[in-house]
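Topology and contacts: notes
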Number of protein chains: 2
Amino acid sequence: MSLITAVDVLDVRFPTSLELDGSDAMNPDPDYSAAYVVLRTEDGAVGQGFAFTIGRGNDVQAAAIQALSPHLVGSPAPTTAAELGALSRRLIGDSQLRWLGPEKGVVHMAVGAVVNAAWDLAARAAGLPLWRFLAELTPEEIVSLVDFRYLTDVLTPDQALEILRAGQAGKAERIEKLLAEGYPAYTTSPGWLGYSDEKLTRLTREAVQDGFGMIKLKVGGNLDDDVRRMKLAREVVGPDYPIAVDANQRWDVADAVAWMQALAPYRPYWIEEPTSPDDVLGHRAIAEAIRPIKVATGEHVHNRVMFKQLLSAGAIDVLQLDAARVGGVNENLAILLLAAKFGVPVCPHAGGVGLCELVQHLAMFDYVAVSGSLDGRVIEWVDHLHEHFTDPAIVRDGRYRTPTTPGFSAEMKPATLHGFRYPDGPEWTELSR
Amino acid sequence: MSLITAVDVLDVRFPTSLELDGSDAMNPDPDYSAAYVVLRTEDGAVGQGFAFTIGRGNDVQAAAIQALSPHLVGSPAPTTAAELGALSRRLIGDSQLRWLGPEKGVVHMAVGAVVNAAWDLAARAAGLPLWRFLAELTPEEIVSLVDFRYLTDVLTPDQALEILRAGQAGKAERIEKLLAEGYPAYTTSPGWLGYSDEKLTRLTREAVQDGFGMIKLKVGGNLDDDVRRMKLAREVVGPDYPIAVDANQRWDVADAVAWMQALAPYRPYWIEEPTSPDDVLGHRAIAEAIRPIKVATGEHVHNRVMFKQLLSAGAIDVLQLDAARVGGVNENLAILLLAAKFGVPVCPHAGGVGLCELVQHLAMFDYVAVSGSLDGRVIEWVDHLHEHFTDPAIVRDGRYRTPTTPGFSAEMKPATLHGFRYPDGPEWTELSR
């Protein structure tokens with residue numbers, strides 16, 4: 001049993017706003033950033049995690065992670081399911097920090113970063129990539145990791161156990177299939193709002209050629225532009241290829257319905273974040289008005305209780321789990337179980353910095369041991385910033401290759417942590433000259 | 001037109017956990033705290049505001065307020081409705097900080113602190129207490145202050161205008177009545193979980209004698225204890241006096257229903273925070289199961305969109321607005337208008353440090369110019385920490401006395417700001433010896 005001896009917290013930012021990569025109707029100028037945490041132990045082992053932000057406020061996020069360190073330093077590094085469950089409960093249950101959420105916003109994202117770092121450490125200690133470390137836990141161990149508080153009216157521990165026991169059948173075959181074939185991906189790279197029509201059509205064509213099963217376009221800036229862009233993309237891909245669209249919370253309910261009716265002739269597959277992530281009943285109203293177009297959300301859904309609302313209300317057709325928004329792996333296990341209970345496919349949000357690296361493990365675990373299915377399931381892929389990771393996510397022929405390196409793939413390279421440290425890393429001091 | 005020249009941010013904490021004042025089922029050891037902000041202008045005017053926290057994390061909250069200062073320093077101090085509306089939109093709309101919410105948690109509370117400080121400044125400049133400054137704005141000005149984004153499916157600007165125009169009738173009479181009689185209060189002081197039965201009965205008796213129209217007991221620790229405490233209080237107050245109970249989010253849906261059925265023979269008036277503030281549909285299920293006991297929530301409801309859910313779903317009978325949780329006065333205007341639209345009474349959450357000082361202005365404005373009613377309306381009162389304010393809230397004969405000093409009553413005394421500064425103020429260095 002090794003003790004945690006230090007919690008290093010770093011403010012790492014990338015000047016992505018210079019390129020308009022990542023530009024959408026609500027986020028015109030993101031500087032993709034990570035409030036990055038390293039757990040160090042007395043035997044020299046390390047675990048990495050981070051909260052993803054888009055620039056300003058990354059220092060506030062880092063301060064929130066730092067505020068959790070009294071719960072960590074001097075405690076044993078968790079390695080078992082029981083210990084990882086206890087850590088998550090201890091962090092979420094801090095009786096004073098809880099007031100700043102509860103279970104939402106900066107403080108909850110800080111819990112997520114630390115919990116994910118602890119899972120990275122534990123998976124490395126076990127010598128397994130995270131998805132496989134999870135897949136080798138028993139159904140009882142998985143259930144012990146989940147906080148069922150506020151969930152029991154729709155999902156009890158016994159019901160979760162039943163889902164997980166059913167997920168054991170065929171597990172070995174699914175692991176083999178995953179290792180051989182990877183997991184389907186879609187790409188958002190063609191569709192950023194800041195791109196020209198020429199760049200949109202070129203990247204769309206490339207996406208199809210590269211084997212992606214779906215592309216996604218950002219919408220919500222200007223209706224005429226969106227209709228034109230959607231029409232262009234539809235012409236490139238042909239009548240049957242799925243095109244998702246993403247409004248990044250731009251609309252009120254009536255706007256969403258009207259806008260999607262205007263896009264409907266070009267058959268969008270899903271509309272993502274049509275309105276505020278808090279507007280559960282608004283999502284339901286939109287979903288009812290625009291069928292058969294699906295409604296998707298999740299990257300800003302702040303915890304399992306909100307996902308419970310969206311699922312119970314029948315407000316979403318696709319659940320977009322995010323690895324760095326909620327309270328880490330443990331809460332995402334709860335969310336995967338909720339989705340399985342309601343039969344809603346999970347298609348994780350990725351992109352940003354490091355999100356592809358993290359979510360692939362969760363989606364693969366879902367396939368192997370929870371839903372057991374790839375139907376309607378696809379992981380977002382954005383080809384940005386992977387070069388900063390020691391174990392980057394890899395997509396080939398439109399599929400995520402299954403990670404095999406031990407851990408959660410969260411580790412950034414030392415040169416990155418040095419160069420992009422904000423505001424004093426050389427990449428930033430260079431820019432400000 | 002005077003420019004804002006500085007934004008001072010202070011971490012102020014009170015060691016209230018030493019006394020078990022404020023102890024409840026979820027918050028056993030709060031150190032009531034304020035992340036306190038002072039806006040300074042070139043002509044020497046100042047405006048004060050704060051986010052209320054319960055100890056750890058107050059530094060994170062202060063850092064979030066600091067992150068907003070680039071939007072403030074060098075800008076004109078807002079004095080008109082148009083300028084106060086623009087400031088609120090500018091702060092909430094920060095395209096990078098928004099990611100850390102959106103509109104929730106630490107970053108949104110920081111916006112609230114700053115927006116409230118700007119209102120304090122503007123009301124002082126106008127020579128009016130905030131409630132009256134608001135009451136003298138036209139319906140059109142009030143509507144211009146509100147961000148209707150995500151609300152228009154249930155409340156349009158035109159509908160808001162209609163509510164406010166109706167609220168003009170009899171306004172002068174209500175102002176007179178308020179100045180003469182004050183606003184009804186209830187007290188939570190008898191009911192903290194840490195108090196003995198003897199203290200509970202003594203303080204309950206005193207509350208009735210002091211003229212309070214209701215008391216509130218904390219529940220949710222242990223059912224037998226709660227039944228015994230409720231029975232004791234009921235014996236003291238007699239059969240018809242209202243007793244509210246407050247579970248501080250302790251329960252799942254089924255627990256809440258069962259617990260309230262056990263307390264029902266002693267006729268609780270409302271159950272406050274029976275479960276997670278995010279569990280909209282859970283609140284509705286509880287409300288349907290325990291009628292005629294009312295369901296109340298709000299102190300942790302993070303923005304107007306969540307209140308829209310709770311109201312649209314018919315999940316709450318009482319809306320407990322909080323002055324320092326959401327995005328400040330502007331968002332609370334939206335919340336007052338939503339409550340009026342649905343005919344749900346607003347009974348603000350207070351206590352903590354400084355919350356009584358702030359909410360009295362909002363409730364009084366609601367009475368004067370929005371709902372026009374005191375029916376079923378009452379402001380929480382907790383007699384703690386008022387001595388630290390230069391214009392403290394005053395309750396006499398069970399009623400809040402109407403504030404007449406210009407501003408928002410948010411200003412703490414210099415000796416307090418010095419003495420309780422964390423961690424280096426003398427009150428804290430004394431304790432740590």
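Residues numbered from 1 in each chain as written. Chains lettered and ligands numbered in written order. Predicted model: local features only at pLDDT ≥ 70, side-chain atom pairs only at ≥ 80, totals over all residues. Heavy atoms only, no water.

The next point concerns the packing of aromatic side chains. Between two aromatic rings, the relevant description is the distance of the centres plus the angle of the planes. By the definition in use, this model includes 21 aromatic pairs over all chains. Ring geometry for A:Trp381 and A:Tyr400: centres 5.5 Å apart, planes at 90°, overall edge-to-face. Of the two residues, A:Trp381 sits in strand E10 (residues 379-381) while A:Tyr400 sits in strand E12 (residues 399-400), which places them 19 residues apart along the sequence. The two residues A:Trp381 and A:Tyr400 agree in class, both being buried. Centre to centre, the rings of B:Tyr32 and B:Phe52 are 5.3 Å apart; their planes meet at 70°, and the pair counts as edge-to-face. (Phe/Tyr/Trp six-rings, centres within 6.5 Å; stacked < 30°, edge-to-face > 60°. Helix = DSSP H or I, 4+ residues; strand = E, 2+ residues; numbered from the N terminus. Buried < 20%, exposed > 50% of the residue type's maximum accessible area, 1.4 Å probe, protein only.)

Here we come to the side chain of A:Asp322. Residue and element names in this part refer to chain A. Tracing the backbone through its elements, the reader meets Asp 322 in the loop between strand E9 (318-319) and helix H13 (329-342). For the buried Asp 322, which has no salt bridge, the nearest side chain bearing the opposite charge is Arg 325, at an N-O separation of 5.5 Å. Contact partners of Asp 322, with chain neighbours within four places excluded, come to Gly 298, Glu 299, Asn 332, His 349 and Leu 355. (Lys, Arg positive; Asp, Glu negative; His and termini not counted. Salt bridge = Lys/Arg side-chain N within 4 Å of Asp/Glu carboxyl O. Contact = heavy atoms within 4.5 Å.)

With that out of the way, let us pick up the interface of chain B and chain A. Each partner contributes to the interface: chain B provides 61 residues, whereas chain A provides 61 residues. At the boundary of chain B with chain A, total buried surface from both sides reaches about 5200 Å², with 54% on carbon and sulfur atoms. When the area that chain B buries against chain A is broken down by residue, the three leading residues are B:Arg56, B:Gln96 and B:Trp99, summing to 18%. Seen at the junction of chain B and chain A, the total is six salt bridges. (Buried area = accessible area lost by both parts, 1.4 Å probe.)

Whether parallel or antiparallel, the strands of a sheet pair through hydrogen bonds between backbone atoms. Residues and elements named next belong to chain A. Taken in spatial order, the three strands line up as E1-E2-E3 in an open sheet, and their pairing is antiparallel. Both outer strands of the open sheet, strand E1 (4-13) and strand E3 (46-53), are each paired with one neighbouring strand and no more. Averaged over all pairs of adjacent strands, the angle between their axes in this sheet comes to 15°, without regard to strand direction. (Pairing = 2+ DSSP bridges. Axes fitted to C-alpha atoms, helices over the stretch in contact; angles between N-to-C directions.)

The subject of this paragraph is the environment of A:Asp31. Take A:Asp31: it is sitting in the loop between E1 and strand E2 (33-41). Between the C-alpha atom of A:Asp31 and that of A:Arg56, which follows or precedes it by 25 residues, the distance is 8.1 Å. Apart from the residues within four sequence positions on either side, A:Asp31 is in contact with A:Phe14, A:Pro15, A:Thr16, A:Ser17, A:Thr53, A:Ile54, A:Gly55, A:Trp428 and B:Gln96.

Assignment of secondary structure puts B:Thr275 in the loop between strand E7 (268-272) and helix H11 (280-290). The exposure class of B:Thr275 is buried, given its relative accessible area of 1%. A distance of 2.6 Å separates a polar atom in the side chain of B:Thr275 from the backbone oxygen of B:Trp251. With residues up to four places along the chain from it excluded, the contact list for B:Thr275 reads A:Tyr150, B:Gln249, B:Trp251, B:Asp252, B:His283 and B:Ile286. (Polar contact = N/O pair within 3.5 Å; in protein donor to acceptor, adjacent residues only side chain to side chain.)

Between chain B and chain A, which share one sequence, the superposing operator has a rotation angle of 180° and an axial displacement of 0.0 Å; the RMSD is 0.0 Å. Taken together, the turn and the small shift mark the pair as related by a two-fold rotation axis. Relative to the rotation axis, the closest C-alpha in chain B is found at B:Gly105, a distance of 2.3 Å. A shared binding surface is used by both copies, with 100% of the interface residues of chain B retained as interface residues in chain A. (Least-squares fit on C-alpha atoms with pLDDT ≥ 70 in both.)

The subject of this paragraph is the packing of helix H7 (residues 171-181) of chain B against helix H14 (residues 355-370) of chain B. Residue and element names in this part refer to chain B. In the contact formed by H7 and H14, the axes pass within 8 Å of each other and the chain directions differ by 150°. Two secondary-structure elements touch here, H7 through Lys 171, Arg 174, Ile 175, Lys 177 and Leu 178 and H14 through Met 364, Tyr 367, Val 368 and Ala 369. By residue class, the composition of the contact of H7 with H14 is six nonpolar, no polar and three charged. (Nonpolar A, V, L, I, M, F, W, Y, C, P; charged D, E, K, R; others polar.)

Before going further, it helps to spend a moment on the packing of helix H2 (residues 81-92) of chain A against helix H3 (residues 105-126) of chain A. Residue and element names in this part refer to chain A. Where H2 meets H3, the closest approach of the two axes is 10 Å, and the angle between their N-to-C directions is 165°. On the basis of the axis angle, H2 is roughly antiparallel to H3. The hand of the H2/H3 crossing is right-handed. Seen from H2, the contacting residues are Leu 84, Leu 87, Ser 88, Leu 91 and Ile 92; seen from H3, they are His 108, Val 111, Val 114, Val 115, Ala 118, Trp 119 and Ala 122. (Parallel < 35°, antiparallel > 145°, perpendicular 65-115°, else oblique. Left-handed = near helix turned anticlockwise from the far one by under 90°.)

By the definition in use, this model includes 54 salt bridges over all chains. Between A:Glu331 and A:Arg304 there is a salt bridge whose closest N-O contact spans 3.2 Å. One end of the pair, A:Glu331, is in helix H13; the other, A:Arg304, is in helix H12 (residues 304-312), and 27 residues separate them in sequence. Looking at A:Glu331, the relative accessible area reads 4%, which means it is buried. Using a relative accessible area of 2% as the deciding quantity, one classes A:Arg304 as buried. The residue B:Asp120 makes a salt bridge to B:Arg124 at a minimum N-O spacing of 2.9 Å. You can see B:Asp120 and its partner B:Arg124 sitting in helix H3 (residues 105-126), four residues apart, about one turn around the helix.

Moving on, we come to the UniProt feature "domain: Mandelate racemase/muconate lactonizing enzyme C-terminal" (unreviewed entry) in chain A. Taking the numbering used here, the UniProt-annotated feature "domain: Mandelate racemase/muconate lactonizing enzyme C-terminal" (unreviewed entry) corresponds to residues 197-293 of chain A. End C-alpha atoms of residues 197-293 of chain A are separated by 24 Å, and the span's content is 52% helix alongside 13% strand. (UniProt positions renumbered as here; feature names shortened; annotations may be inferred.)

Residue and element names in this part refer to chain B. As a volume, the largest pocket reaches approximately 240 Å³. Lining the largest pocket are 18 residues, and of these Thr 187, Ser 189, Leu 203, Asp 210 and Asp 383 lie nearest its centre. Among the secondary structure elements, those contributing two or more residues to the lining of the largest pocket are strand E4 (183-191), helix H8 (197-209) and strand E11 (395-396). Tallying contributions element by element places H8 first for the lining of the largest pocket, with four residues. Tallied by class, residues from the lining of the largest pocket come to eight nonpolar, four polar and six charged. (1 Å grid on protein atoms, 1.4 Å probe; cavity = no way out; pocket = protein on both sides within 12 Å on 5 of 7 lines; lining within 4 Å. Points joined across faces, edges and corners; volume = space filled by probe spheres on them.)

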